Amino acid sequence: MEEVVIVEAVRTPVGKRKGKFSNTRPDELFALVLKELMNRAALDPTQVEDVIAGCVTQSGEQAGDLARISALIAGFPIEVPGVTLDRQCGSSQQAIHFGAQAIACGDMDVVIAGGVESMTRVPMFSNRQGAEDSKKLTDQYEIINQGISAERIADKWNLSKEELDGYAVESHQRALKAMKEGRFDRELMPVKVMNESGDEMTVTEDEGPRPGTSLEGLSQLKTVFKENGKITAGNASQMSDGAAAVLLMSRTKAESLGLKPRFRVVSRAVVGSDPTLMLTGPLQAT
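Residues numbered from 1 in each chain as written. Predicted model: local features only at pLDDT ≥ 70, side-chain atom pairs only at ≥ 80, totals over all residues. Heavy atoms only, no water.

Along its 16 residues, helix α1 (residues 26-41) runs 23 Å from first to last C-alpha, staying within 8% of the 22 Å computed at 1.5 Å per residue. For α1, the complete set of buried residues consists of Pro26, Asp27, Leu29, Phe30, Ala31, Val33, Leu34, Leu37, Met38 and Ala41. (Helix = DSSP H or I, 4+ residues; strand = E, 2+ residues; numbered from the N terminus. Expected span 1.5 Å × (residues − 1). Buried < 20%, exposed > 50% of the residue type's maximum accessible area, 1.4 Å probe, protein only.)

Moving on to the pairing of strand β8 (residues 240-250). Burial of β8 is extensive: 10 of the 11 residues sit out of reach of the surface. For strand β1 (residues 4-11) and β8, the ladder comprises 7 bridges, and the chain directions are antiparallel. Across the sheet, residue Glu8 finds its bridge partner in β8, namely Leu247. Strand direction decides the pairing type here: strand β2 (residues 15-16) and β8, joined by 2 bridges, are antiparallel. (Pairing = 2+ DSSP bridges.)

Position of Thr276 relative to the elements: it lies in the loop between β9 (263-264) and α9 (281-285). At a separation of 2.7 Å, a polar atom in the side chain of Thr276 contacts the main-chain carbonyl oxygen of Glu142. Setting aside anything within four residues of it in sequence, one finds Thr276 in contact with Glu142, Ile144, Ser149 and Arg152. (Polar contact = N/O pair within 3.5 Å; in protein donor to acceptor, adjacent residues only side chain to side chain. Contact = heavy atoms within 4.5 Å.)

A word on the pattern of salt bridges. Taken as a whole and assessed by the stated rule, the structure comprises 20 salt bridges. For Arg264, the salt bridge goes to Glu3, with nearest N and O atoms at 3.7 Å. Taken together, the residues Arg264 in strand β9 and Glu3 in the segment before β1 connect sequence positions 261 residues apart. For Glu3, a relative accessible area of 30% gives the class partly exposed. In the salt-bridge network here, residues are joined through shared partners; they are Arg25, Asp27, Glu28, Glu61 and Arg121. (Salt bridge = Lys/Arg side-chain N within 4 Å of Asp/Glu carboxyl O.)

On to the environment of Arg68. You can see Arg68 is positioned in helix α2 (residues 66-73). When the C-alpha atoms of Arg68 and Pro261 are compared, they prove to be 26 Å apart, with 193 residues separating the residues in sequence.

Burial of strand β6 (residues 191-194) is one-sided: the residues Val191 and Val193 facing one way are buried, the residues Lys192 and Met194 facing the other way are not. Pairing analysis gives 4 bridges linking β6 to strand β7 (residues 200-203), with the strands arranged antiparallel. What sits directly across from Val193, in β7, is Met201.

Glancing now at the packing of aromatic side chains. Geometrically, a pair of aromatic rings is defined through the distance of the ring centres and the angle of the planes. In total, this model carries 0 aromatic pairs according to the counting rule given. Positioned above the aromatic ring of Phe184, the side-chain terminus of Arg11 is 5.3 Å from the ring centre. Seen from the ring of Trp157, Lys156 lies directly overhead, with NZ or CZ sitting 5.4 Å from the centre. (Phe/Tyr/Trp six-rings, centres within 6.5 Å; stacked < 30°, edge-to-face > 60°. Lys NZ or Arg CZ within 6 Å of the ring centre and 35° of its normal.)

Right, let's get into the side chain of Asp165. If you trace the backbone, Asp165 turns up in helix α6 (residues 161-180). If sequence neighbours within four positions are ignored, Asp165 has contacts with Leu215, Leu218, Ser219, Thr232 and Asn235.

The grouping of Met124, Phe125 and Met239 at the surface amounts to a nonpolar patch, some 290 Å² of accessible area in total. Note on placement: Met239 falls in the loop between α7 (215-219) and β8. Met239 gets classed as partly exposed once you look at its relative accessible area, which sits at 37%. (Patch = residues over 30% accessible without salt bridge, like charges linked within 9 Å, V, L, I, M, F, W, Y side chains within 5 Å. Areas by Shrake-Rupley, 256 points an atom, 1.4 Å probe, with all protein chains shown as cover.)

For α6, with 20 residues, the first-to-last C-alpha span of 29 Å sits near the 28 Å given by 1.5 Å per residue. All of the buried residues along α6 are Lys161, Leu164, Asp165, Ala168, Val169, His172, Ala175, Ala178 and Met179. Contact partners of the buried residues in α6: α5 (146-156) and α7. Remark: Gly182 follows α6 within two positions and exhibits a positive phi of approximately 75 degrees.

What follows concerns the environment of Phe125. Tracing the sequence through the fold places Phe125 in the loop between β5 (110-118) and α4 (135-138). Along the primary structure Phe125 and Gly147 are separated by 22 residues, whereas in three dimensions their C-alpha atoms are 14 Å apart.

Here we come to the packing of α1 against α2. How two helices sit against one another is set out by the angle between their axes and by the gap between those axes. Where α1 meets α2, the closest approach of the two axes is 8 Å, and the angle between their N-to-C directions is 60 degrees. Here α1 lies oblique to α2, going by the angle between them. In this structure, α1 meets α2 at a crossing whose hand is right-handed. Along the contact surface, α1 presents Pro26, Asp27, Glu28, Phe30, Ala31 and Leu34, while α2 presents Leu66, Ala67, Ile69, Ser70, Ala71 and Ile73. Grouping the amino acids of the contact of α1 with α2 by side-chain chemistry returns 9 nonpolar, 1 polar and 2 charged. (Axes fitted to C-alpha atoms, helices over the stretch in contact; angles between N-to-C directions. Parallel < 35°, antiparallel > 145°, perpendicular 65-115°, else oblique. Left-handed = near helix turned anticlockwise from the far one by under 90°. Nonpolar A, V, L, I, M, F, W, Y, C, P; charged D, E, K, R; others polar.)

Here it is as structure tokens:
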């Protein structure tokens, strides 16, 4: 089997929902990432054999095989194909899995894998168009909101609201420290956008980390999914807009092009997990 390596990687800043990327189409945002990836690797797009993108809410501006559309917007040759997949929260990771597998078995030598989501312009569940879950599913499993799942997970592992808030504060502090130290600079690309006034501005940093986050402040937030629960807007994951991609190659191809690998893809794992708790899959996969 071929050894699979990651040659280059790039991402946009992560924007918050209704934030700086509100006026930027997701297909155009991913196209910017594809172009930047090629520029950084100094690679001709004709070398790319597939563009694989993860995207959960494939409707509106994210419908119609976004990977292919973004590649065309980016100026890739029409001969470069693209495919978009949905494995929910693991979609972009799965894109890397599929790309690595194609290279490992010798089908391809150069693949771009990544993903995009605009939770501002294409809201969660908009692809369901009001559809209800199949009764044949709900007769077998209790299908609930992820927020309620998070409440049950906190109860199952005896995690207090204070612990969750403390972890959230530490997460903000670590992110802000990393930003200050320039730890994200190499992977980030600046993105020019139009603000609400029609003026151009450049986004260079993630919008999520908040300098003023404190235990006292988080303790005042009301729980969202359960009365007297533990999950609030302060300790739950942010709704975001952003895009990212990596350039995968066989080691043989990378070396023939004079490109230095950054990482090896050693193994992959996916699991099915409890459809009610639904957020515990990383435990078994790890």
